[in-house]
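Here's the letter readout for the chains.
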Amino acid sequence: MTQPKTESKYRRVKCGDCGNEQILFLRAATAIKCQVCGATMAEPTGGLARLRGEIVGTVE
Ligand SMILES: [Zn+2]
């Protein structure tokens, strides 16, 4: 039997510019900007978004 495992599609990412932590959707269809400084934190690629900044955790 395969073990069911939660593969979260969300990551907690720290903004490289201001240090704000934000939850990003990995398959974001639009660019996601930091809510504090406006820096781009995720860019859509058609698949998994390209994340900018440091991934600090996974969100279930
Ligand atoms: Zn920021």
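As shown above, the structure is provided for reference.
Criteria and thresholds
Numbering of residues starts from 1 in every chain and runs along the sequence as written. Residue-level local features of this predicted model are given only where pLDDT is at least 70; pairs of side-chain atoms are given and counted only at 80 or more, and the full residue set underlies all totals for whole chains, interfaces and linings. To get the side-chain values, all heavy atoms of the structure are used, and hydrogens and water are removed first. Planes of paired rings set the category: under 30 degrees apart is stacked, over 60 is edge-to-face and the rest tilted, where pairs are Phe, Tyr or Trp rings (Trp by its six-membered ring) whose centres lie within 6.5 Å. Comment: elements are numbered from the N terminus, with helices defined as DSSP H or I runs of at least four residues and strands as E runs of at least two. Each residue gets one of three labels from its accessible area relative to the maximum for its type: buried under 20%, exposed over 50%, partly exposed in between, using a 1.4 Å probe on protein chains only. Note: metal donors comprise N, O and S atoms at 2.8 Å or less from the metal (3.2 Å for Na, K and Ca); water molecules are not included, so apparent gaps in a site are possible.

**Overview of the packing of aromatic side chains**
Two descriptors summarise a pair of aromatic rings, namely the distance from one centre to the other and the angle between the planes of the rings.
Part 1 of the argument: For the coordinates displayed, the defined rule picks out one aromatic pair.
Part 2 of the argument: Between Tyr10 and Phe25 the ring centres are 5.1 Å apart and the planes differ by 35°, which places this aromatic pair in the tilted class. Linking Tyr10 in strand S1 (residues 10–14) with Phe25 in strand S2 (residues 21–25), this pair joins segments that are 15 residues apart in sequence.
Part 3 of the argument: On the accessibility criterion, Tyr10 (38% relative accessible area) is partly exposed.
Part 4 of the argument: A relative accessible area of 30% places Phe25 in the partly exposed class.

**Focus: the coordination of the zinc ion**
Part 1 of the argument: Of the protein atoms, only Cys15 (SG), Cys18 (SG), Cys34 (SG) and Cys37 (SG) coordinate the zinc ion, at distances of 2.3 Å.
Part 2 of the argument: For Cys18, a relative accessible area of 36% puts it in the partly exposed group.

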